[in-house]
Amino acid sequence: MGYTLWNDKIVNDDEVVISKEDRGYQFGDGVYEVIKVYNGEMFTIDEHIDRLYLSADKIKLTIPMTKDKLHKLIHELVEKDQLGTGHIYLQFTRGTSPRVHNFPVGDIQPVLTAYTKENARPLENFEKGVKATFVEDIRWLRCDIKSLNLLGAVLAKQEAVEKGCYEAILHRGDVVTEGSSTNVFGIKDGVLYTHPANNFILKGITRTVVLECANEIGLPVKEEAFTKAETLEMDEVFVTSTTSEVTPVISIDDVKIAEGKVGEWTRKLQAQFETKIPKSLQVK
Ligand code: DCS
């Protein structure tokens, strides 16, 4: 039996009651975060909490507790679950009320649910790299919000999986934006490129950490978009996320990137990322 953080209490999973008229359930009206836990320690927790409040603000949802209180509750959940290495899933919906599209008037309480999941780090992917496929980015124009509305991402990832790929690399017209649940990076002639953090992508927490790593190892960064054709010509390509960390991409639609080998800079970035992980579980 697992536990769920439900509003301001940690309860047994089977005690959670979600209304059929919860706006998250009916409209995807809410925001979420996925937070990595290494050896019982939450990674970049303040950054995730800050982004959650920012996403909530962008959809005019007021989270009914302070950041400190939320931090404390999530910490309690991790302890109660005795989570080692894995992640926390957390979401706020706008709450429950009779179904109308506009925000309900009157008293409506946002609904928080959060739970943990034990998950080994995907070390084999880090080591060998993964395959990807290009998929048209059909999502809305506010991808900077970590919204519960994920249908565009769901359809893209499904297409990737059906093609035997790990990730869908999304593009608007010719321009690569990000992955269905990752940020995309390319390295060409010793420069690291990634799409600027605007409304077309989610500003990944891992993305920020990796840009920091690049600085630390002397790899110049340009936050500039690149095209599909340019992606295929990159010396190295990789994707990042909370759970994927730095995952090398070795082919896109069966076209090999750098002869299908994981590049030197990617290895250096992985090693630098590793130094940031608390009580490091080393990649062997
Ligand atoms: N871009 C999109 C569209 C994402 O959904 C995510 C994370 C990222 C980028 C990377 O952001 P982080 O580095 O902050 O994780 N997606 C989360 C998800 O839905 N599952 O795992 C991570």
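Caption draft 1: Looking closely at the pattern of salt bridges. Scanning the entire structure with this criterion turns up 22 salt bridges. Residues aspartate 29 and arginine 94 are paired through a salt bridge, measuring 2.7 Å at the closest nitrogen-oxygen approach. On the criterion of sequence distance, the pair formed by aspartate 29 in the loop between helix 1 (23-27) and strand 3 (30-38) and arginine 94 in the loop between strand 5 (86-93) and strand 6 (111-118) is long-range, its members being 65 residues apart. Using a relative accessible area of 7% as the deciding quantity, one classes arginine 94 as buried. Notably, a salt bridge pairs arginine 142 with aspartate 144, separated by 2.9 Å at the nearest N-O pair. Via salt bridges that share partners, Asp137, Arg139, Arg172 and Glu178 belong to a single interconnected network.

Caption draft 2: Local environment of helix 5 (residues 151-162). Relative to the 16 Å expected for 12 residues at 1.5 Å per residue, helix 5 spans 16 Å between its end C-alpha atoms, a close match to the ideal helical length. Buried residues along helix 5 sit in contact with strand 7 (130-136) and strand 8 (167-172). One or two steps after helix 5, the chain reaches glycine 164, where phi turns positive at roughly 75°.

Caption draft 3: Summary view of the nonpolar core. Counting residues in each nonpolar core, the largest one holds 26 residues, and the members touching the most others are Leu52, Ile63, Met65, Leu70, Ile74, Leu90 and Phe92. Elements with a minimum of two residues in this core: strand 3, helix 2 (45-58), helix 3 (67-81), strand 5 and strand 6. Apart from the residues lying within four places of it in its own chain, the contact partners of leucine 90 are Val31, Tyr32, Glu33, Leu52, Leu70, Ile74, Leu112, Thr113 and Ala114. In terms of nonpolar packing, the next biggest core, distinct from the first, is built from 16 residues, Tyr38, Leu211, Leu269 and Phe273 among them.

Caption draft 4: Highlighting the sheet that holds strand 3. Within the open sheet, the six strands sit side by side as 2-1-6-5-3-4. Their pairing is antiparallel. In this open sheet, the two strands that pair with only one neighbour each are strand 2 (9-12) and strand 4 (41-42). As paired elements, strand 1 (residues 3-6) and strand 6 share two bridges and run antiparallel to each other. Looking at the pairing, tryptophan 6 lines up with threonine 113 of strand 6. Helix 2 rests against strand 3, strand 4 and strand 5 of the sheet, and its axis sits at about 175° to strand 3.

How each quantity is defined
Residues numbered from 1 in each chain as written. Predicted model: local features only at pLDDT ≥ 70, side-chain atom pairs only at ≥ 80, totals over all residues. Heavy atoms only, no water. Salt bridge = Lys/Arg side-chain N within 4 Å of Asp/Glu carboxyl O. Helix = DSSP H or I, 4+ residues; strand = E, 2+ residues; numbered from the N terminus. Buried < 20%, exposed > 50% of the residue type's maximum accessible area, 1.4 Å probe, protein only. Expected span 1.5 Å × (residues − 1). Contact = heavy atoms within 4.5 Å. Core = buried A, V, L, I, M, F, W, Y, C linked by side-chain atoms within 4.5 Å. Pairing = 2+ DSSP bridges. Axes fitted to C-alpha atoms, helices over the stretch in contact; angles between N-to-C directions.

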